[in-house]
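The chain contents come next:
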Amino acid sequence: MNEDLKVDIVGKHLKNKSIALCVTGGIAAIETPKLARYLRRYGADVKAYMTKSAGNFIGEAALQWATEQKVISELSGDSEHICQEDLVLVAPATMNTVNKVMQGIADNTVTTLIASALGMKKPVYLAPTMHESLYKNPFFQENIFKASQYGLNIIEPRIEEGKAKIPKLEKIVAEVCRGLSEHPIKGKKILITGGPTPVWIDDVRMITNRFKGSLGKKIAVEAYLKGAVVKYLVGAGGIQIPSFLEVLPHQDYDQYVENVFRELEQGYDAGIFSAAVADYRPAKKEKGKIPSGTLKNIELIETEKVIEKIREKYPNLHMVTFKYQDGVSVDELLDITKARLDKYQMIIANRAEDMKENHEAYLVRKDSIEKVYSSSEIAEKLIDYLGAELK
């Protein structure tokens, strides 16, 4: 194997899955070698199919390099049009291609492959990409509106600069992962919280903590890629969130509490509460800005324990909570954690000392304790656990 063609594996979500990457004649075709390698980083085997017009924008050599496979640009006696892959992804999907597919036309490598895939009831994903005026064409809009009736999934474009641009590659790959997921978490509705919940001193100053929501983001991404319906409540401005996640930001503790309870009223299968919720707040918030040099002390009072209120109001909600301690032994950490297991199905416990290089933690349940060694492992093990519990 040519070492230059290898990719670094970042996930197993598409392991043992094969993707037909279909490229049609739009300028966004120049993104497809990167898309092919992105899919391969999640374990997919990728084969590229091209229309003749796609060759005006991207060469076969680039796609062959990106996929490690011969590119199909013409049909032959080898019956390349009979879909052998697990999923067909058309990116970019031009107006012409989408309209042909919706009329049942099969006149080139891509439209014929799609016809075969639909007949086999295999998932087909289209990423329409074109000028905004073409995207808004009434015949085209009617076709994409009806697409789901025929087993076609539309990955909506980004509307920018008068163009319906190809979605971000992370979005396309995420939708493919979800489409092929067989994980028991698929379809389950999961609420995840993360990051700080600041409290106000005056209209300018806040008390907060150093946590930004990175772990919550990893958990939310893992759940989404495996097919869960995810809402991520996170402190505003802390970290960059992938474009495919549905996010509800909060500016402070009060807004966090409001968002959590408003969301839970919508009905969720499980809640993962990783937010670093403020334990104390100033007894009084001052109006405006306290003049510099005049603030000598701040009287603090305890905040309400949000997870306890959640448990009281939603006694049947499957809850995962977190316990963070500093300056205690592992045994002390686990003793503190076990004492809370009468209220929550799982608690993820960690110590400040164990988070300097990696993110070591303990996944604690009534019948088991499992040590994990990174935030990625926490996310994977947690979603696997929830999938099994909610199945």
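Scroll up for the structure.
The structure presented is a predicted model; accordingly, all values stated were derived computationally and were not measured.

Trainee: Go over helix 1 (residues 32–41) with me, naming the residues and quoting the values.
Mentor: Across the 10 residues that make up helix 1, a large majority, 7, are buried. Taken as a whole, helix 1 has its buried residues at Thr32, Pro33, Leu35, Ala36, Arg37, Leu39 and Arg40. Among the structural elements, strand 1 (18–23), strand 2 (45–50), helix 2 (60–67), strand 3 (87–93) and helix 7 (169–180) are those in contact with the buried residues of helix 1. The first or second residue beyond helix 1 is Gly43, which carries a positive phi of 100°.

Trainee: Any details on unusual backbone geometry? Residues and values, ideally.
Mentor: Going from Ala91 to Pro92, the amide bond is cis rather than trans, its omega being 0°. Along the chain, Pro92 falls in strand 3. Residue Asn16 is not a glycine yet carries a positive backbone phi of 65°. As for its position among the elements, Asn16 is in the segment before strand 1. In this structure Asn16 comes out as exposed when scored by relative accessible area, which is 71%. Phi is positive for Lys121, close to 60°, though the residue is something other than glycine. Along the chain, Lys121 falls in the loop between helix 4 (109–119) and strand 4 (124–128). For Lys121, a relative accessible area of 77% corresponds to the exposed category.

Trainee: So what about the sheet that holds strand 19 (residues 361–365)? Which residues, and what values?
Mentor: The mixed open sheet is built from 8 strands, whose spatial order is 13-12-9-14-17-18-19-20. Among the strands making up the open sheet, the edge pair consists of strand 13 (246–250) and strand 20 (368–372). Within this sheet the neighbouring strands show an average axis-to-axis angle of 15°, counted without direction. Bridge count for strand 18 (residues 346–351) against strand 19 is 3 bridges, and the pairing is antiparallel. Each bridged residue has a counterpart across the sheet, and for Ile348 the counterpart in strand 19 is Leu363.

Trainee: Provide a residue-level description of the nonpolar core, including the pertinent values.
Mentor: Ranked by size, the top nonpolar core spans 65 residues in total, and within it Leu39, Leu89 and Ile272 carry the most contacts. Setting aside anything within four residues of it in sequence, one finds Ile272 in contact with Ile190, Leu191, Ile192, Thr193, Ile219, Val320, Phe322, Leu382, Ile383 and Leu386.

Trainee: Outline helix 3 (residues 95–102), supporting the account with residue identities and numerical values.
Mentor: Counting buried residues along helix 3, 7 of its 8 residues qualify, which places the element largely inside the surrounding structure. Those residues of helix 3 not exposed but buried are Met95, Thr97, Val98, Asn99, Lys100, Val101 and Met102. Remark: Gly104 follows helix 3 within two positions and exhibits a positive phi of approximately 75°.

Trainee: An account of the sheet that holds strand 6 (residues 152–154) is requested, with residue identities and associated values reported.
Mentor: A sheet is described by the order of its strands in space; here 5 strands give the open sequence 2-1-3-4-6, paired in parallel fashion. The outermost strands of the open sheet, each flanked by one partner alone, are strand 2 and strand 6. Averaged over all pairs of adjacent strands, the angle between their axes in this sheet comes to 25°, without regard to strand direction. As paired strands, strand 4 and strand 6 are joined by 3 bridges and run parallel to one another. Bridge pairing in strand 6 places Val124 opposite Leu152.

Trainee: How would you explain the pairing of strand 20 if you had to name every residue and give the values?
Mentor: Where strand 19 meets strand 20, 5 bridges bridge the pair, whose relative direction is antiparallel. Within the sheet, the bridge partner assigned to Val364 lies in strand 20 and is Ile369. Between strand 19 and strand 20, which pair antiparallel and follow one another directly, the connecting turn spans 2 residues.

Trainee: I'd like a rundown of the packing of aromatic side chains, residues and numbers included.
Mentor: Under the counting rule described, the total for this entry stands at 4 aromatic pairs. Judged by centre distance (6.2 Å) and plane angle (20°), the ring pair of Tyr38 and Tyr42 falls under stacked. Between the NZ or CZ atom of Lys285 and the centre of the ring of Trp200, over which it lies, the distance is 5.0 Å.

Trainee: Mind laying out the state of the cysteines, listing which residues take part and the relevant values?
Mentor: Applying the stated rule across the entire model yields 0 disulfides. The thiol of Cys22 is unpaired, and the distance to the nearest cysteine sulfur, on Cys83, comes to 8.1 Å. Not part of a disulfide, Cys177 finds its nearest cysteine sulfur in Cys22, a span of 18 Å. Residue Cys177 is classed as buried on the basis of its relative accessible area of 1%.

Trainee: Summarise the side chain of Thr109; cite the residues concerned and give the values.
Mentor: Assignment of secondary structure puts Thr109 in helix 4. On the basis of relative accessible area, Thr109 is assigned to the buried category, the value being 4%. At a separation of 2.5 Å, a polar atom in the side chain of Thr109 contacts the main-chain carbonyl oxygen of Met50. Apart from residues no more than four positions distant in its own chain, Thr109 is found in contact with Met50, Thr51, Ile72, Ser73, Glu74 and Leu75.

Trainee: A description of the packing of helix 8 (residues 214–225) against helix 12 (residues 375–390) should follow, citing residues and the corresponding values.
Mentor: Put simply, helix 8 and helix 12 touch, their axes get as near as 9 Å, and they point 45° apart. Judged by the angle between their axes, helix 8 and helix 12 are oblique. Considering only the axes of helix 8 and helix 12, their crossing is right-handed. Contacts between helix 8 and helix 12 involve Leu215, Lys218, Ile219, Glu222 and Ala223 on the former and, on the latter, Ser375, Ser376, Ile378, Ala379, Glu380, Leu382 and Ile383. Along the lines of polarity and charge, the residues of the contact of helix 8 with helix 12 split into 7 nonpolar, 2 polar and 3 charged.

Trainee: So, the pattern of salt bridges: which residues are in play, and what are the values?
Mentor: The final tally for this structure, using the stated rule, is 27 salt bridges. Here Arg351 makes a salt bridge to Glu353, at a shortest N to O gap of 4.0 Å. For Glu353, a relative accessible area of 32% gives the class partly exposed. Close ionic contact of Glu370 with Lys381 constitutes a salt bridge, the shortest N to O distance being 2.9 Å. Remark: Lys381 occurs in helix 12 and Glu370 occurs in strand 20; sequence separation between them is 11 residues. Residues joined in a network through salt bridges with shared partners are Arg158, Glu160, Glu161 and Lys165.

Rules of the game
Residue positions are given per chain, counting from 1 as you read along its sequence in written order. The model is predicted, so local features are restricted to residues of pLDDT at least 70 and side-chain atom pairs to those at 80 or more, both for listing and for counting; the totals for chains, interfaces and linings are taken over all residues. Only hydrogens and water are removed before side-chain values are computed, so all heavy atoms of the structure are retained for them. Buried, partly exposed and exposed residues are distinguished by accessible area as a fraction of the type maximum, computed with a 1.4 Å probe on protein chains only: under 20%, between the cut-offs, and over 50%, respectively. Runs of H or I in DSSP of at least four residues are treated as helices and runs of E of at least two as strands, each being numbered from the N terminus. Residue contacts are counted whenever heavy atoms from the two residues lie within 4.5 Å of one another. We call two strands paired when DSSP finds no fewer than two bridges between them. Axes here refer to lines fitted to C-alpha atoms; in helices the fit is confined to the stretch in contact. Angles between the N-to-C directions go from 0 to 180 degrees. Put simply, a nonpolar core is a bunch of buried Ala, Val, Leu, Ile, Met, Phe, Trp, Tyr and Cys residues held in one set by side-chain atoms that sit within 4.5 Å of each other. In summary, the pairing rule links any two rings of Phe, Tyr or Trp, Trp by its six-membered ring, whose centres are within 6.5 Å, and it sorts them by plane angle into stacked for under 30 degrees, edge-to-face for over 60 and tilted for everything else. A ring has a charge above it when a Lys NZ or an Arg CZ is no more than 6 Å from the ring centre and no more than 35 degrees off the ring normal. Two cysteine sulfur atoms make up a disulfide if the distance between them is within 2.5 Å. Under this definition, polar contacts are N or O atom pairs within 3.5 Å; protein pairs additionally need one hydrogen-donor-capable and one acceptor-capable atom, and for neighbouring residues in sequence, both atoms have to be side-chain atoms. For classification purposes, an angle smaller than 35 degrees is called roughly parallel, one larger than 145 roughly antiparallel, one from 65 to 115 roughly perpendicular, and anything else oblique. Two helices that cross are described as forming a left-handed crossing if the nearer one is turned anticlockwise from the farther one by less than a right angle, and a right-handed crossing if clockwise. Polar here means any residue outside two lists: the nonpolar Ala, Val, Leu, Ile, Met, Phe, Trp, Tyr, Cys and Pro, and the charged Asp, Glu, Lys and Arg; Gly therefore counts as polar. The term salt bridge refers to a pairing of a side-chain nitrogen on Lys or Arg with a carboxyl oxygen on Asp or Glu at a separation within 4 Å.

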